[in-house]
Amino acid sequence: MALSPQGFIVMKLNDSSSRRTELPKQLTLTFKPIFKFKLSIVLHNRVSTNPGRSLHVHKLKSFESDNLDNLGNMATVTSVFESNPDRKTDENDDDSGDDDDGNGNVPPPGNGGGGGGGDEDDHDEKEFGMLMKFDDVMKVAEANGVSLPEDMLEAAKATGLRELIVTRYMELQKSGWALSFLTRNFGMLRNRLLADPSFLFKVGTEIVIDSCCATFAEVQKRGKDFWNEFELYAADLLVGIVVDIAMVGMLAPYARIGKQTLASGGLFSGLKNSVSALPSSVFEFERPGIRFSAQQRLASYFYKGILYGAIGFGCGIVGQGIANMIMNAKRRMHSSEGDVKVPPLVQSAVLWGVFLAVSSNTRYQIVNGLESLVEASPLAKQVPVVAMAFTVGVRFANNIYGGMQFVDWARLSGVQ
């Protein structure tokens, strides 16, 4: 018996009974007086993962005394839960049938005999491959002539790496010098490509669709003055590309390599730890070792809304500021009665921030969830072009609807 630092009494009780799944109605314990205390003893008999074995959990009564000798030497054992009580246990059973690890630790039910934990592990291994240890990872890297970045090496040593992650990284390093360089030196891009190989396709699709829709709208809006106001169009286009990359990148799933370090100390350390545990989007799929609660998914929606709003406001200030400068400069050179009113800078930036935080955040969260569902379908896994076609279609529809909605918001706010 030992006294733990927190003041708990820790002890191990060995059952010398030949019938290991049965306990005597009374258990003899010897104590020495130390201090006034409240004693509560729980006795958990050895659990076997074999389906036919019995499971016994017993609780000993609690006592409070200033002298342990007052307890006497007897404590009553109460059966709390017993599985399969009518099963007769072979008195000649020995310990060779137990499934512990040699240290008295027994694996939870399901890892050996079939249960929820085993099914989950099997699904993870089927979906993401086995967990490769450091030596296995290094052998694969050497065979492919690839050197792993420092964080992946540390993760391989500490926790191991999933086979799927290792395979995808090897493919990225062989996909061309540009992508190889970027994924080797920029962890944010690499981790998103490891989690979703179609990440760059989605970013490119978003940029192309948004740029084409914006160009069509600008040509229709400006008419014959399009080339005279090309600077305004170019400024809007550049800001739109930045926003597109941010919107797709912030909601994209990413591989969390190794153990996540927790921030300690500082005023906002708790907030940083909570934010780092959030999913990248509301509908992000769970992966081995990564689980999200409903509260975390809801918090992710509002957190990404704040980020979207900040990006929208910043891009609105920059983009609209450049446009206003060009418009004012041209009107100082020559003005006409048909000139469009210069939009208010701060009000336009606020509109962009609110629009991205509410409308864009909601729409792109839904788009991400739909894409994930389609990509996980058996048809898309057999025919990847199905998922790619769906991405093009759903993002095109989203851009058309978002563009029309922004015009309505701008008119209602009085900006345009």
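Quick note: structure is the one above.
Residues numbered from 1 in each chain as written. Predicted model: local features only at pLDDT ≥ 70, side-chain atom pairs only at ≥ 80, totals over all residues. Heavy atoms only, no water.

**Student:** Run through the packing of aromatic side chains, naming residues and quoting values.
**Tutor:** Taken as a whole, this structure holds four aromatic pairs when the rule is applied. Centre to centre, the rings of Tyr 301 and Phe 302 are 5.3 Å apart; their planes meet at 80 degrees, and the pair counts as edge-to-face. The class for Tyr 301 is partly exposed, based on a relative accessible area of 24%. Their ring planes at 80 degrees and their centres at 5.1 Å tell us that Phe 355 and Phe 406 sit as a pair that is edge-to-face. Of the two residues, Phe 355 is situated in helix H11 (residues 345–376) and Phe 406 in helix H13 (residues 384–413); the sequence distance between them amounts to 51 residues. Sitting over the face of the ring of Tyr 254, Arg 256 holds its NZ or CZ atom 4.2 Å from the ring centroid. (Phe/Tyr/Trp six-rings, centres within 6.5 Å; stacked < 30°, edge-to-face > 60°. Buried < 20%, exposed > 50% of the residue type's maximum accessible area, 1.4 Å probe, protein only. Helix = DSSP H or I, 4+ residues; strand = E, 2+ residues; numbered from the N terminus. Lys NZ or Arg CZ within 6 Å of the ring centre and 35° of its normal.)

**Student:** Please provide a residue-by-residue account of the environment of Arg 190, values included.
**Tutor:** You can see Arg 190 is positioned in helix H6 (residues 187–195). With a relative accessible area of 3%, Arg 190 lands in the buried category. For the pair Arg 190 and Ser 180, spaced 10 residues apart in the sequence, the C-alpha separation amounts to 9.4 Å. Apart from the residues within four sequence positions on either side, Arg 190 is in contact with Pro 149, Asp 151, Met 152, Tyr 169, Thr 183 and Ile 257. (Contact = heavy atoms within 4.5 Å.)

**Student:** Go over the nonpolar core, please, and point to the residues and values.
**Tutor:** Leu 161 and Ile 257 are the most contacted members of the largest nonpolar core, which totals 23 residues. Those elements giving two or more residues to this core turn out to be helix H2 (134–144), helix H3 (150–158), helix H4 (163–173), H6 and helix H7 (199–222). Not counting the four nearest positions on each side in its chain, Leu 161 is found in contact with Met 130, Leu 131, Met 132, Val 137, Met 152, Ala 155, Ala 156, Val 166 and Ile 257. Counting 14 residues, the second largest nonpolar core, distinct from the first, contains Val 239, Cys 315, Leu 351 and Phe 355. (Core = buried A, V, L, I, M, F, W, Y, C linked by side-chain atoms within 4.5 Å.)

**Student:** Can you explain the packing of helix H10 (residues 294–333) against H11? Please cite residues and give values.
**Tutor:** Interaxial distance between H10 and H11 falls to 7 Å at its minimum, and their mutual angle equals 140 degrees. Crossing angle aside, the handedness with which H10 passes H11 is right-handed. Among the residues forming the contact of H10 with H11, the class breakdown is 13 nonpolar, 14 polar and one charged. (Axes fitted to C-alpha atoms, helices over the stretch in contact; angles between N-to-C directions. Left-handed = near helix turned anticlockwise from the far one by under 90°. Nonpolar A, V, L, I, M, F, W, Y, C, P; charged D, E, K, R; others polar.)

**Student:** How would you explain the pattern of salt bridges if you had to name every residue and give the values?
**Tutor:** Taken as a whole and judged by the stated rule, the model has nine salt bridges. We note a salt bridge from Lys 202 to Glu 371, for which the minimum N-O separation is 3.7 Å. Here Lys 202, found in helix H7, pairs with Glu 371, found in helix H11; they are 169 residues apart in sequence, far enough to count as distant. Of the two residues, Lys 202 and Glu 371, both sit in the buried class. In this structure, the salt-bridge partner of Arg 256 is Glu 284, at a minimum N-O distance of 3.2 Å. Of the two residues, Arg 256 sits in the loop between helix H8 (230–251) and helix H9 (269–276) while Glu 284 sits in the loop between H9 and H10, which places them 28 residues apart along the sequence. (Salt bridge = Lys/Arg side-chain N within 4 Å of Asp/Glu carboxyl O.)

**Student:** Please provide a residue-by-residue account of the environment of Asp 196, values included.
**Tutor:** By the element assignment, Asp 196 lies in the loop between H6 and H7. For the pair Asp 196 and Pro 253, spaced 57 residues apart in the sequence, the C-alpha separation amounts to 6.9 Å. Beyond its immediate sequence surroundings of up to four residues, Asp 196 is in contact with Arg 168, Lys 202, Pro 253 and Glu 375. Within the structure, the side chain of Asp 196 is placed 2.8 Å from the side chain of Lys 202, a separation counted as a polar contact. (Polar contact = N/O pair within 3.5 Å; in protein donor to acceptor, adjacent residues only side chain to side chain.)

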